[in-house]
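Remarks on the overall topology
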Amino acid sequence: MSHIVNGACPLDCPDTCAWQIEVVDGKAVRMRGRKDHPYTRGSLCGKVNHYLDAVYAPDRLTTPMRRVGEKGDGAFQAIDWDEAIGLAATGIQTAIDRHGAEAVLPYYYAGTLGAVQGWSLGQRLFKHLGATRLGTTICTGAATAAMKATMHRPVGTDPEDFIHARLILVWGANLLSSNMHQWHFIHAAQQAGAHVVAIDPLPTDTALRCDEHIQLMPGTDGALAMGLMAEIVAAGAADEEWLAESTVGWPELRERLSEWSAERAAQICGIDVSVVRALAQRMVTTRPTAIRMGLGLQRHGGAGAAYRSIVVLGSILGDFRLVGGGVLPETAGRFDAITVDLEEPDGLPLPTVRTINMSRLAEALTDTTQTPEVHSLVVWNTNPAATVPDQVRAQRGFRRDDLHLTVLEQRMTDTAMFADVLLPATMQTEHLDIHASYGHHYLTLNLPAIEPIGDCLPNTEIFRRLATALGLDHPRLHDSDEDLVRQFIDTDVARARGITFESLSQTGYARVDDFRGATPHAHGGFPTRDGKLHITVPELAEQGLDPIPGYTPPFEIADEELAKRFPLVLISPAQRFFLNSTFADLPRHLKLTGEPTLFLHADDAAERGIEDGDLVEVANDRGAFRVAAAIHPGARRGVAWSYKVYWAKDVGGNNVNATTPVRDADMGGSPTFHDNRVEATLVAKASELSTRAVATIGD
Ligand SMILES: Nc1nc2c(c(=O)[nH]1)N[C@H]1C(S)=C(S)[C@@H](COP(=O)(O)OP(=O)(O)OC[C@H]3O[C@@H](n4cnc5c(=O)[nH]c(N)nc54)[C@H](O)[C@@H]3O)O[C@H]1N2
Ligand SMILES: Nc1nc2c(c(=O)[nH]1)N[C@H]1C(S)=C(S)[C@@H](COP(=O)(O)OP(=O)(O)OC[C@H]3O[C@@H](n4cnc5c(=O)[nH]c(N)nc54)[C@H](O)[C@@H]3O)O[C@H]1N2
Ligand SMILES: [Mo]
């Protein structure tokens, strides 16, 4: 017997694809993207096409386990669920009894973007307990803070409307890897004559398919935006009428722009002045212009300022008046009217406590001056031992004998290896969930297609059992998964549009928009209280920040002293066949990806006696990792890159995050992964390597 089940890809990706699974005799045999979904358009990406490999992989965790060896050794013994929940609860309760509830730190992120399995009962439980709160900054901290100041919540041009744009800037985003379905709409515009420009320090696949590539120095985007705006204003092209009606604080920025020019921008960005002038000229003469902003550009010291400046640049020509014009940072704000935050339900008491910035986990686990120190860490939907910055220090923290670690996982990740108690979690094929999106305008329901593998349980069921074991019986800690889905869409707008659990069970997905047509920002309409775009934000001055959009230099990239010791800038962007560290254990994905590699300019390589295929060590004061070298003809001199994120234990114990810094960007407590200086040294010539010293993975 075969049947089809509708679902949603759970991964942390803007595309949130609608998928369909064919189930035969209780086994998922085929998965494909939904043909009738306007954004998925019948195709999944190269990673998720093989999601069922991950579901049925032999390394899937299928039974609860307790540690029996040294921390990190990976020696575990299978136990039953009652014992496992008892051990997890004891670890938490002991920390509370000895040091207070703030000694407990829940640590979670977007392993699934599902509202139910990602952002509901776990957060409720730990917030209710009075555990330390987690500042969820690691990915979009600076962008989120910048958009909060500027538009309150991220909204912008409808991603599908890019088809109507005639000039498109793909700014700090490698769409073909990390937002693949957006490329369709951009490519269609390109075929209809649109000019497409990539703004990226790296020669990405996406940049190669654009009509123009502006390969600026990383961390300098704010300067480029300011230079372009200065040129646009000098040409008399700013849409003063739209700016007066739809924004506040434009006069302050216009005045500041008198300090800016194409020359100044070009000098900071390390590009030719004619490039800046030509782009400004195109922006002045091409309507509509649309900007797709990526997150790569905000992993730098001046990220918040840059984000704000680019949003404003995308607005000042009045493009928001036109279908397909304007700027798209993210779409998450489009769901606000139709969905409910499940983390803090009415009636559940939530004590006020401290917050720890998740990006500073390395520090949080090793700084002994904190009161209290963290003694109980509970991790779900994330693999911090591989993905947080300053990995060497973080791993030292994970090894602490006085830290009790509970990990909910699907596989034996770097983090799971350190667990005291390891709890096997279901995958998206096996549990119920509902998904908003940060890259399009559709709400998607995920129905379970198969029974859980082995003894796996959904995160939600694990948290219900943990609440019981901790003696917590508040009903909001025990809502069923279906209750949670219903609560998520318990809004007047959803009801008015007929979006219910029942309707979604039939259709699988539904479009959300806010009833304002194709040009919702033709006259403001931003989610701010006054509906305007806030260009100058006086309150930022109170936080010591520049209230006017501008350029804030990067940290390490702009540090000339540091550059003497660490001459190479290292960017560690998204890899096509991994999703952060997800899939980094699967043979097919590893083979498609290849071994960890440092890509660099031929002259940078020659200076160090490095040739293609040599084994090199990449290091700075924080740590080191080893990779194969690859000379890339499109590299910018002085800017190297190595893709994120291999499992550290598979690549010699350290990955690229052994070098990345724990240092907050200007806004939002965001980490500065791409604002990283290193040196590369030759370890062994390719010809001397009898076996690949770094990794035989994928062979
Ligand atoms: N296949 C795949 N897809 C993914 C992910 C993945 O790991 N793999 N990760 C997912 C997640 S969690 C996220 S947050 C998104 C991230 O996806 P993106 O927003 O694409 O972010 P990054 O890959 O960090 O960087 C994107 C581009 O920004 C460039 N960049 C770096 N620094 C600068 C700069 O200073 N200025 C400019 N203009 N560009 C710069 C990089 O070279 C890179 O090409 O993708 C999601 N999708
Ligand atoms: N060097 C460098 N490092 C980076 C970045 C970078 O650009 N450069 N990017 C950063 C960014 S943008 C992000 S978002 C972070 C992300 O980093 P992480 O949050 O660590 O993301 P993943 O590595 O994908 O790990 C997610 C884990 O969640 C598990 N998981 C998935 N679904 C479920 C579930 O339903 N239940 C349970 N219990 N587990 C589940 C998966 O098995 C996987 O191991 O990495 C950051 N790290
Ligand atoms: Mo991310």
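Worth saying up front: this structure is predicted, and the values here are computed from it rather than measured. (Residues numbered from 1 in each chain as written. Chains lettered and ligands numbered in written order. Predicted model: local features only at pLDDT ≥ 70, side-chain atom pairs only at ≥ 80, totals over all residues. Heavy atoms only, no water.)

Observations concerning the overall build of the chain
Spelled out, the test is: The way it works is that DSSP assigns letters per residue, a run of H or I at least four long becomes a helix, a run of E at least two long becomes a strand, and they are numbered from the N terminus. With the radius of gyration taken over C-alpha atoms, the globule rule is written as 2.2 Å times the number of residues to the power 0.38. Buried means the residue's accessible area, taken with a 1.4 Å probe over protein chains only, is under 20% of the maximum for its type, while exposed means over 50%, and partly exposed covers the values in between.
Across its full length, the chain holds 26 helices and 27 strands. Radius of gyration (C-alpha) of the chain: 25 Å, near the 27 Å computed for a compact globule of 699 residues. Considering only C-alpha atoms, the chain reaches an extent of 70 × 70 × 55 Å along its principal axes. A buried classification covers 63% of the 699 residues belonging to the chain.

Here's the deal with helix α19 (residues 459–469)
For α19, the full list of buried residues reads N459, T460, I462, F463, R464, L466 and A467. Looking one or two places after α19, you find G471, whose phi comes out positive at around 75°.

Quick look at the pairing of strand β15 (residues 376–380)
Side-chain direction in a regular strand flips from residue to residue, so the side chains alternate between the two faces of the sheet. Under the convention used in this document: Only strands joined by at least two bridges in the DSSP assignment are considered to pair.
Counted residue by residue, β15 has five buried out of five residues, so it is predominantly covered. Of the two faces of β15, the one lined by S376, V378 and W380 and the one lined by L377 and V379 are each fully buried. Note that strand β6 (residues 104–108) and β15 share five bridges and pair parallel. Across the sheet, the residue bridging to V104 is S376, located in β15. In this sheet, strand β16 (residues 404–409) lies alongside β15 in parallel orientation, the contact comprising five bridges. Bridge pairing links S376 to H404 in β16.

What to know about the packing of helix α2 (residues 81–99) against α19
Heads up, the condition is: To define axes, lines are fitted to C-alpha atoms, for helices over the stretch in contact only, and angles between the resulting N-to-C directions are given on a 0 to 180 degree scale. If you view the pair so one helix is near and one far, a crossing is left-handed when the near helix is turned anticlockwise from the far one by less than a right angle, and right-handed when it is turned clockwise. By the convention used here, residues are in contact when the closest approach between their heavy atoms is within 4.5 Å. In this classification, the charged set is Asp, Glu, Lys and Arg, the nonpolar set is Ala, Val, Leu, Ile, Met, Phe, Trp, Tyr, Cys and Pro, and all remaining amino acids, among them Gly, are polar.
Following both chains from N to C, one finds α2 and α19 inclined at 60°, their axes separated by 9 Å at the closest point. Judged by the sense of rotation from one axis to the other, the crossing of α2 with α19 is right-handed. Here W81, I85, A88, A89 and I92 of α2 lie close against α19, whose contacting residues are I462, R465, L466 and A469. In terms of residue class, the contact of α2 with α19 is made up of eight nonpolar, no polar and one charged.

Here we look at the domain arrangement of the chain
Spelled out, the test is: As annotated, the domain borders come from an automatic or database domain assignment. The term buried area denotes the loss of accessible surface (1.4 Å probe radius) that occurs when two parts are joined, taken as the sum for both partners. Just to be clear on terms, a salt bridge is a Lys or Arg side-chain nitrogen sitting within 4 Å of an Asp or Glu carboxyl oxygen.
The domain architecture assigned to the chain consists of domain 1 (65–139 + 337–511), domain 2 (156–329 + 519–543) and domain 3 (560–696). For domain 1 and domain 3, the distance between their C-alpha centroids amounts to 30 Å. Counting residues at the interface gives 21 residues for domain 1, matched by 25 residues for domain 3. Taking both sides of the interface into account, the surface hidden between domain 1 and domain 3 amounts to around 1700 Å²; carbon and sulfur atoms contribute 51%. Run the count over domain 1 and domain 3 and you get two salt bridges. Of the charged contacts in the structure, one is a salt bridge between R411 and D585, with a shortest N-O distance of 2.8 Å. Looking at the side of domain 1 that touches domain 3, the elements that each hand over two or more residues are α16 (384–387), α17 (391–398) and α18 (414–417). A total of three residues in the side of domain 1 that touches domain 3 trace back to one element, the largest contributor, which is α17. For the side of domain 1 that touches domain 3, the class distribution of residues is nine nonpolar, eight polar and four charged.

Details of the sheet that holds strand β20 (residues 509–511)
Across the sheet, which stays open at both edges, the three strands sit in the order β18-β19-β20 with antiparallel pairing between neighbours. Where the open sheet ends on each side, the last strands, each with one partner, are β18 (433–435) and β20. Recorded for the sheet is a direction-independent mean angle of 15° between the axes of neighbouring strands. Of the pairings in the sheet, the one linking β18 to strand β19 (residues 442–446) comprises three bridges and is antiparallel in character. Within β19, the residue paired with H435 across the bridge is T444.

Some thoughts on the site of ligand 2
This is how the line gets drawn: We define proximity as follows: a residue is near a molecule or strand when any one of its heavy atoms falls within 4 Å of that partner. Any N or O atom pair separated by 3.5 Å or less is treated as a polar contact, with the protein-specific requirement of one donor-capable and one acceptor-capable atom, and with residues adjacent in sequence counted only for side-chain atom pairs. Surface accessibility follows the Shrake-Rupley procedure with a 1.4 Å probe radius. Residue values consider only the protein chains on display as shielding.
If you check the shell around ligand 2, you find 30 residues, and the closest are N383, T387, E409, S581 and T582. Interatomic distance of 3.4 Å between a side-chain N/O atom of R299 and an oxygen atom of ligand 2. One of the side-chain N or O atoms of S581 is found 2.5 Å from an oxygen atom in ligand 2. Taking 920 Å² as the accessible area of ligand 2 by itself, protein coverage stands at 97%.

Some points on the packing of helix α9 (residues 221–234) against helix α12 (residues 262–269)
The condition is simple: Oblique is the label for every angle not falling under 35 degrees (roughly parallel), over 145 degrees (roughly antiparallel), or within 65 to 115 degrees (roughly perpendicular).
Here α9 crosses α12 at 165°, and the two axes come no closer than 8 Å. Classified by the interaxial angle, the pair formed by α9 and α12 is roughly antiparallel. Here α9 runs over α12; the crossing is left-handed. Contact residues: α9 offers A223, L224, G227 and E231, while α12 offers A262, A265, I268 and C269. Grouping the constituent residues of the contact of α9 with α12 by class yields six nonpolar, one polar and one charged.

Quick look at the site of ligand 1
The full set close to ligand 1 counts 35 residues, and S178, D200, G219, D221 and F578 are the nearest of them. The contact in question runs from an oxygen atom of ligand 1 to an N or O atom on the side chain of D200, over 2.6 Å. For ligand 1, the accessible surface in isolation is 900 Å², of which the surrounding protein chains cover 98%. Residues that form the shell around ligand 1 fall into these classes: 16 nonpolar, 12 polar and seven charged. Summarising the domain contributions, the shell around ligand 1 has at least three residues from each of domain 2 (156–329 + 519–543) and domain 3 (560–696).

What to know about the packing of aromatic side chains
Defined as follows: Pairing of aromatic rings covers Phe, Tyr and Trp, the last through its six-membered ring, and needs centres within 6.5 Å; plane angles under 30 degrees mean stacked, over 60 mean edge-to-face, and all others mean tilted.
Counted according to the given criterion, the structure contains 18 aromatic pairs. Ring centres of W19 and Y51 lie 5.0 Å apart, and the angle between their planes is 50°; this geometry places the pair in the tilted category. Placement of W19 in strand β2 (residues 18–24) and of Y51 in helix α1 (residues 51–55) is noted, with a sequence separation of 32 residues between them. Since its relative accessible area comes to 0%, W19 is described here as buried. Through a chain of ring-to-ring contacts, three or more aromatic side chains come together here, namely Y108, Y109, W119, F126, W380 and F463.

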